[in-house]
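The primary structure of each chain is shown beneath.
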Amino acid sequence: MLKLSKYLLPYKWSIVFTIMFVFLQSLANLYLPTLMSDIVDTGIVNGNIGYILKMGIYMLLITLVAGAFTIIANYLSAQVASRFGRDIRYRMFSHIESFSLSEFDDLGTASLITRSTNDISQVEQVFLMILKLMIMAPLMCIGGIIMAFYSDAKLSLVLVMAIPVIVVTILLIARRGIPLFKQIQKKMDRLNLVLREGLTGIRVVRSFNRVDDELKRFDQANQDMTITSVKVQKIMAAMMPMMMLIMNVSTIAIVWFGGLRISHGAMQVGDLMAFIQYAMQIMFSLMMGAMLFIMIPRGQASSVRINEVLATKPDITDVLAKKTQNVSDIPNRGAIEFKHVTFRYEGAENPAVIDLNFTANPGETTAIIGGTGAGKSTIMNLIPRFYDIEDGEILVDGYNIATMKIESLRQMIGYVPQKSVLFTGTVKDNIRYGKEDATDDEIKQAAKMAEADSFIQDMKDGYDSLLAQGGKNVSGGQKQRLSIARAIVKRPLIYLFDDSFSALDYKTDAKLRKALKSITATSTTIIVAQRISTVIDADKIIVLDEGTIAGIGTHESLMDTCQVYREIVSSQVDKEELA
Ligand SMILES: Nc1ncnc2c1ncn2[C@@H]1O[C@H](COP(=O)(O)OP(=O)(O)OP(=O)(O)O)[C@@H](O)[C@H]1O
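Now for a description of the structure that goes with this document. This one's a predicted model, so the numbers in the text were calculated from it and none came from an experiment. (Residues numbered from 1 in each chain as written. Predicted model: local features only at pLDDT ≥ 70, side-chain atom pairs only at ≥ 80, totals over all residues. Heavy atoms only, no water.)

### Comments concerning helix α15 (residues 506-519)
Thought 1: Look at α15: 20 Å from first C-alpha to last across 14 residues, which is about the 20 Å you get at 1.5 Å a residue.
Thought 2: Within α15, burial applies to Thr-508, Asp-509, Leu-512, Arg-513, Ala-515, Leu-516 and Ile-519. Taken around the axis of α15, the buried residues stretch over an arc of 165°, which confines them to a single face. Turned more than 90 degrees away from the buried face of α15, the exposed residues are Tyr-506, Lys-507, Lys-514 and Ser-518. (Helix = DSSP H or I, 4+ residues; strand = E, 2+ residues; numbered from the N terminus. Expected span 1.5 Å × (residues − 1). Buried < 20%, exposed > 50% of the residue type's maximum accessible area, 1.4 Å probe, protein only. Arc of directions from axis to C-beta.)

### Comments concerning the sheet that holds strand β1 (residues 336-343)
Thought 1: Across the sheet, which stays open at both edges, the four strands sit in the order β2-β1-β4-β5 with antiparallel pairing between neighbours. In this open sheet, the two edge strands, each paired with only one partner strand, are β2 (353-360) and β5 (399-400).
Thought 2: When β1 meets β2, the two strands line up antiparallel, connected through five bridges. Bridge pairing links Glu-337 to Thr-359 in β2. (Pairing = 2+ DSSP bridges.)

### What to know about the packing of helix α1 (residues 12-46) against helix α2 (residues 49-97)
The axes of two packed helices give the description: the angle between them and the distance between them.
Thought 1: Where α1 contacts α2, the two axes come as close as 8 Å, and the packing angle between them is 160°. By the angle class used here, α1 and α2 are roughly antiparallel. Taken as a pair, α1 and α2 cross one another with a handedness that is left-handed.
Thought 2: Split into classes, the residues belonging to the contact of α1 with α2 amount to 24 nonpolar, eleven polar and one charged. (Axes fitted to C-alpha atoms, helices over the stretch in contact; angles between N-to-C directions. Parallel < 35°, antiparallel > 145°, perpendicular 65-115°, else oblique. Left-handed = near helix turned anticlockwise from the far one by under 90°. Nonpolar A, V, L, I, M, F, W, Y, C, P; charged D, E, K, R; others polar.)

### As for unusual backbone geometry
Thought 1: Of note, His-340 is a non-glycine position whose phi angle comes to about 45°, a positive value.
Thought 2: Relative to the helices and strands, His-340 resides in strand β1.
Thought 3: On the basis of relative accessible area, His-340 is assigned to the partly exposed category, the value being 48%.
Thought 4: With a phi close to 50°, Asp-397 is a non-glycine residue in the positive phi region.
Thought 5: Counting through the fold element by element, Asp-397 comes out in the loop between β4 (391-396) and β5.
Thought 6: Taking the relative accessible area as the measure of exposure, Asp-397 reaches 14% and is therefore buried.

As structure tokens, this is what we get:
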């Protein structure tokens, strides 16, 4: 948690004022029992109404001032804690945005969401408690002991007996509770994961009639977390009555021994009343300390998880990029060359692609075809440096991409992912995502090229129609065309289409590729496809087989030379159609 406390630095003055007001509030609270004791011993015992009124008003004033201090301290501390939470959430999100896909794979999206929300809230709560109680608890405890001792030193022996009992009880509770708090965070991760999968995959779940299984899976994760939470709550619930018991027994002892001392004339009634109040303050402050003691490890568990994310160094950085390099320094052609490229996913036994050698030139369409899992998408992920390669070099216009600024590299690329991603917003916004300053005309033109214009026009508000979360209110093929339009509007040097035509019917696919030809005339275009009809016209077809290149050439030459290609062709294309 100490590491995270640096995010409190911008709010140091608010913290100083909070501490100051809590301090003053505590002093006022320590002073009140003494005044009450005076009212009893001097005012009531002597029947001095004037004194009682005077001291009563004085007490009221102090209570009001203490109340005002409490309000200010609470306001300031809540403000500091919320802003602290906001800052860390922002810091965490911006850091996560810099992660390569390896780090996402490693930490897991569900866990990243829990850490960015729930864990940060936990730490926020703990810092709020610390701000409020860190000063108040010790001050009330030590101040209370001094004042009680000052009221009656002998009677303080009762406290000497009670305090260790309270401390030991707290320690015992903390020892059982703290490990459970750590477990809860982990179980929350699991619950989030199951929930996310169940909700995002709802169509599959229903179509396979697996709703009951999903419910079972969720129930298990839910139960698991509940059992741990109940255990924690039981411990916490036991704490309060135990503390009350100790406090009440102590109060009885104080009244008993205090009564004896009063009857012997060694103590006054007012002093006994003040003593009881101080004893209460001491014991409450110990309880507040106990809360802190329990909450801090809980916050600590969350802090570790937050720091783990913040300390994760993105694999892919600009370290090697020449400092002066920017987009204009790079020859603007977009020629891609793979030289002996080998890549393995983190933790995978075998490389996904092995010793790849090929070029993809501007003005040409290079198609990649191969069975599922052959490594086609992997190649597409390597070009924008979503992952770094293990061996070899990927060159763009002769520059090793590992030495290029990531931003410059990605600026050159129009990437259409295998699974279309749309954001909540209008159709226009989604296309404009490719080029922030795109005019309405450019957007329309891109949509036309992507064969999207006609269905957009048919939508209720045309280009201003709202897309639901994840583009749920458009079909798979429409989503793909919007994703393609988003890439086209960017007018990049390199187009990467990762199986981006798979949801289109043959006619639209053919029309779209024809339209693309004119805009990609000078660009480097790489198309990953499963369908032979999509790749048949490509200038160059790369046939992938289990991560290696089985053949490179045109459709005709591959039909002559590449057995794997012939197998793919015969497995899916009607020979008559091809002829
Ligand atoms: N994030 C990942 N972590 C670990 N292994 C992965 C990851 N993504 C893909 N792989 C593995 O790498 C290999 C190549 O996968 P890739 O997605 O490139 O295949 P593909 O040819 O695009 O397949 P498809 O046509 O089915 O999309 C596969 O064996 C796959 O299991």
